[in-house]
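Structural overview
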Amino acid sequence: MFTKNISIFSIVLLLTTSVQASPNDFELDVISYHLTIEPDIEKKYISGTVVIKFQIENDANSVAFKSGNLRVDKVTGDNVVGFENRDGSLIIKLSEREKKENELTIDYHGNPTNGLLFDSDRGQTFTIYSTSQWMICNDSPGDKALFHLNISIPSDKDCIASGQLVSQVRKNGKIQYSYQQNYESPTYTYGFAIGNFNQAEEKSGEVLLRYYSQDYTSGQLMTIFKETPTMISFFEEKSGVKYDQSRYSQILIGNHYQEMSGYSTLKDTYGKLVLQDSTETNLISHELAHQWWGNRVTCKSWNHFWLNEAMATYLSAAYNEYRFGQKKYQSDIDSYYEVYEAIKNRGNDKSLVFANWSNPSNDDRNLVYFKGAYVLHLLREKMGDEIFWDAIKFYTAKYFGESVETTDFQKAFEESSGIQLDGFFNEWIYKNER
């Protein structure tokens, strides 16, 4: 049972420790990022310029953005009086001013060691999770912003990125692709992938679905992702919210899994597993579920990370129940419980609301995914199917496009159902040990 579902457990081992609370969580509000970037796959190098519009209290004498190991060449703006890089952060000193609104431009370059992965042998590069390793930004999940991307790549390669493609211009053997995301999302959902890909596409209602891989044929891609249209319909029905972009892409590349805004990356070899067993679609459904729960209803801080990951993990099991039957669903739930039980036996059970997510262990990550999904299963059993799914719809619609904490989740479920849930939440979500 555990080995049959082992592929989904690999997700938590791929999260980077850079996912942590930002010192700007309660004072900085980024409005938009306008990024112009050029990656060099052979040199594993990037150069970029990011224009950041933001609000901060007018008595703040500095603002901090995460910068990884990027080297900052210049920072300009009406209120900029100096800057320094310190411990992976860019500290920008600000002059006195009357308004909260600010705009600054940062020129930078570097050789990212994570966050942006290069495979020069295959001529590929793609982003994974740590956005501040390739774009200077505020990496707090609760600080959602608009995103505009201009990216220049060799003209013989393909590009997939967050947002809607608005233009592509050829110049000097390269193409500059421009993407615009017209709704706010957290920076960890920004990304791109570049390479030479086989492609397939189909429609799900008005949504264009595109599938990419260097190693699978177009026909194989259609087989691997054949459940995607049904998954979209299922998540729309369970959430009560239509998928709100015109496209959704899935890329089999590298050795990682992650949801981005409007697309997902999945481990290249995962395609073989699906071709061997058409029911092994947990990771496809998990990443797609994040287009609702995670990308659009987002944890306000990483301390409430379970609201992203437990929801996506549980909804992937719920899809299996819908598509492949109760036995498949119960197999998933049993596997989740087995992971959780092993953590308890090691004495590592914790509250799903973490006091600190700055250095999570593998057990911590497994808790937010698998204890969290198991708890949602128990909550469904307690409330009954109809009331539970009505509460999921109410919660999703109420907070769609917003950032949430666990108290918001509980209050939404109580408001929808009329059921008092203090006892359940204290026992299963807030309690440190069982």
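Preceding this section is the structure that the text describes.
These lines cover the structure that appears in this document, whether it is placed above or below. (Residues numbered from 1 in each chain as written. Predicted model: local features only at pLDDT ≥ 70, side-chain atom pairs only at ≥ 80, totals over all residues. Heavy atoms only, no water.)

**A few points about the environment of asparagine 255**
- You can see asparagine 255 is positioned in the loop between β17 (247-252) and β18 (258-260).
- In this structure asparagine 255 comes out as partly exposed when scored by relative accessible area, which is 40%.
- Sequence spacing of asparagine 255 and threonine 265 is 10 residues, and the spatial spacing of their C-alpha atoms is 9.3 Å.
- In terms of polar contacts, asparagine 255 uses its side chain to reach the side chain of lysine 267, at 3.3 Å. (Helix = DSSP H or I, 4+ residues; strand = E, 2+ residues; numbered from the N terminus. Buried < 20%, exposed > 50% of the residue type's maximum accessible area, 1.4 Å probe, protein only. Polar contact = N/O pair within 3.5 Å; in protein donor to acceptor, adjacent residues only side chain to side chain.)

**Notes on the sheet that holds strand β6 (residues 89-94)**
- Taking strand neighbours across the sheet as the criterion, the 3 strands line up as β3-β6-β5 in an open arrangement whose pairing is antiparallel. Both edges of this open sheet fall to β3 (62-66) and β5 (80-86), since each of them pairs with a single strand only. Across the sheet, the axes of successive neighbouring strands diverge by a mean angle of 20 degrees, strand direction being ignored.
- Bridge count for β5 against β6 is 6 bridges, and the pairing is antiparallel. Across the sheet, the residue bridging to phenylalanine 83 is isoleucine 92, located in β6. (Pairing = 2+ DSSP bridges. Axes fitted to C-alpha atoms, helices over the stretch in contact; angles between N-to-C directions.)

**Quick notes on the sheet that holds strand β14 (residues 192-195)**
- One open sheet holds the 4 strands; their spatial order is β8-β9-β14-β11, and the pairing between them is antiparallel. Either end of the sheet is taken by a strand with one partner, and the two such strands are β8 (116-119) and β11 (158-161). Taking the axes of each pair of neighbouring strands and ignoring which way they run, one obtains an average angle of 10 degrees across the sheet.
- Here 2 bridges tie strand β9 (residues 124-127) to β14, and the two strands are oriented antiparallel to one another. Bridging across to β14, threonine 125 finds its partner in isoleucine 194.

**As for the pairing of strand β7 (residues 101-110)**
- Where strand β2 (residues 45-55) meets β7, 10 bridges bridge the pair, whose relative direction is antiparallel. Residue pairing across strands places glutamine 55 opposite glutamate 101, the latter belonging to β7.

**Section: the pattern of salt bridges**
- Scanning the entire structure with this criterion turns up 19 salt bridges.
- Salt-bridge contacts for arginine 323 lead to glutamate 227; the nearest nitrogen and oxygen are separated by 3.0 Å. Taken together, the residues span a long stretch of sequence, with arginine 323 in helix α6 (residues 306-324) and glutamate 227 in the loop between α2 (218-224) and α3 (228-239) at a distance of 96 residues.
- Given the relative accessible area of 39%, arginine 323 is considered partly exposed.
- Residue glutamate 341 pairs with lysine 344 through a salt bridge whose shortest N-O separation is 3.4 Å. Of this pair, glutamate 341 and lysine 344 both sit in helix α7 (residues 326-345), 3 residues apart, which is roughly one turn of that helix.
- Residue classification places glutamate 341 among the partly exposed positions, given a relative accessible area of 25%. (Salt bridge = Lys/Arg side-chain N within 4 Å of Asp/Glu carboxyl O.)

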